[in-house]
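These are the residues of each chain, in order.
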Amino acid sequence: MSIEDGMELDGDIVDSLYDPTEDTPDKIDLDDLLEEKPKKKKRKVNEKKLGPNDIYFDETGAENQTVPEQIATTEWSPPPSFYDPTVPSIEQFPYVCMWLDSSLNLGEKPKEVRSTSHLDHVSWSRTLSRSSNSGVCVDFSHQLLSEDLSEEVGTMLSFKINTNRMEEGGGSYKERFLSALKSEPQLSQSFSPSPVSTEGMKLFRWKRVTENPLLSVDDGKVLDLTTLYDEAEEDYLGLTYSGRKDLVPDLPKALPTVILCFDKSEGVSGLRAKTRPEHLKYLESTGAVIAAGPIFSVDAEEGEAPIGSMILANCVGVAGGEDFASKDPYSLAGLFSEVYVARYNKADVSGKFNAPNKYDPEAVDVVDYMMGMDGGEGERFREEDTPWLV
């Protein structure tokens, strides 16, 4: 007879399961049950010397500087800046260039070049960024997509420029930016044999708002702020959000989208500053903003007024991006003269955090191979050489 899971047995059946020929104790000796079990060996904890920013925490989270077996946690500090103290603040706003292939007036050639030059583009980006004396760091490269997501139709590039990093004089910040831009493979191959022309491109500076956590949502996510934010506690409920898939609706549809808006040149004096608090409150309320900030002319000087806004947000289709822009208080106040909306994919332009191939430890990154960084230790890319890449 076998007993199955969930079976209920009556007393007679239970009695029949015992073998009367077996010796069974009349009583249980509690001393035997309570006999001390062998002590488990303590797990060895690597001891770490306390640094100036290290703090030990006990199980309750309280600071404790006396227990040596606890694990030290080090305070996070931001990576070193690509800039140095002598760089004017206006020059610390990245230069951005955005173009559609169709706006270059080169027929089908840009489309043909784009289909074969992606690795060249990524290799070029990494070479500039990893060089400690190029004076250029490619901040991001976003490939603009057609409305049906079937093909790439343009590019948006962001450059950090610091001519102080160049071994030889590199001219002005703007000149170094244009020099780097015109060396980009997709552009140079599309225009060849003629020099690259920036006519038809959108060139500007971007000052990203960095101090607001609600304007730094991950790509593809939309936060339910009514659940995430506790007004009574004036705090973000990180534990409530963690792992909650219902707070990330329709991931395949809410895709990264660029919304580029240019202000009217006349009749809007003071309107941007007046409307900015409402604008920021609106951006926070959407729970969809990846990054946002005002844009400036490439020739802007210190203290000059913005000429528009650029917002990267997770939107459902191009129509969703247009709807997002139309509800912006800036737009409702009549500030904008032009609005461009496009979805995009990100290119891996740093390569700093490439995961190793666990199935083939000897495999090399194809772009690093193109760059000649696939050989011995002396030829490989070393992260410590470019701490500004994040």
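Preceding this paragraph is the structure being described.
The sections below set out a description of the structure shown in this document. Keep in mind the model is a prediction, meaning the values are calculated, not measured.

So, about the sheet that holds strand S10 (residues 289-296). Two strands in a sheet stick together by hydrogen bonds in their backbones, pointing the same way (parallel) or opposite ways (antiparallel). Around the barrel, eight strands lie side by side as S3-S5-S4-S12-S9-S11-S10-S6; this closed barrel has antiparallel pairing. Shown here is a sheet whose adjacent strand axes are inclined to one another by a mean of 35 degrees, direction ignored. The pairing of strand S6 (residues 202-206) with S10 spans two bridges and is classified as antiparallel. Considered in S10, the bridge of tryptophan 206 is made with isoleucine 295.

Glancing now at empty space enclosed by the protein. Gaps left between atoms show up when a probe the size of a water molecule is rolled over them. The tally for this structure, following the rule as stated, stands at two cavities of 30 Å³ or more. In this model, the largest cavity occupies a volume close to 70 Å³. Lining of the largest cavity is provided by Val209, Leu215, Arg272, Arg276, His279, Leu280, Leu283, Ala292, Gly293, Pro294, Ser309 and Tyr330. At five residues, helix H9 (residues 271-286) tops the list of elements feeding residues into the lining of the largest cavity. The residue makeup of the lining of the largest cavity, split by class, is seven nonpolar, three polar and two charged. If you add up the space inside the second largest cavity, you get close to 40 Å³. Secondary-structure elements contributing two or more residues to the lining of the second largest cavity are helix H3 (109-114) and helix H6 (185-191). Broken down by class, the residue content of the lining of the second largest cavity amounts to four nonpolar, two polar and two charged.

Analysis parameters
- All residue numbers here refer to positions counted from 1 along the written sequence of the relevant chain.
- Totals for whole chains, interfaces and linings use every residue, but because this is a predicted model, local features are given only for residues with pLDDT of at least 70 and side-chain atom pairs only at 80 or more, for both listing and counting.
- Heavy atoms throughout the structure, all of them, feed into the side-chain values; hydrogens and water do not.
- Pairing between strands is defined by DSSP: at least two bridges between the two strands are required.
- Where helices and strands are cited, they refer to DSSP runs of H or I of at least four residues and of E of at least two residues respectively, numbered from the N terminus.
- Think of each axis as a best-fit line through the C-alpha atoms, taken over the contacting stretch in the case of a helix, with angles from 0 to 180 degrees between the N-to-C directions.
- In this analysis the probe radius is 1.4 Å and the grid spacing 1 Å, with only protein atoms considered; a cavity is a set of points the probe fits into but cannot get out of, a pocket is an open set with protein on both sides within 12 Å along at least five of seven lines, and lining residues have an atom within 4 Å of a point.
- Grid points are joined across faces, edges and corners, and a volume is the space filled by probe spheres set on the points.
- All amino acids are sorted into three groups, where Ala, Val, Leu, Ile, Met, Phe, Trp, Tyr, Cys and Pro are nonpolar, Asp, Glu, Lys and Arg are charged, and the leftover types, Gly among them, are polar.

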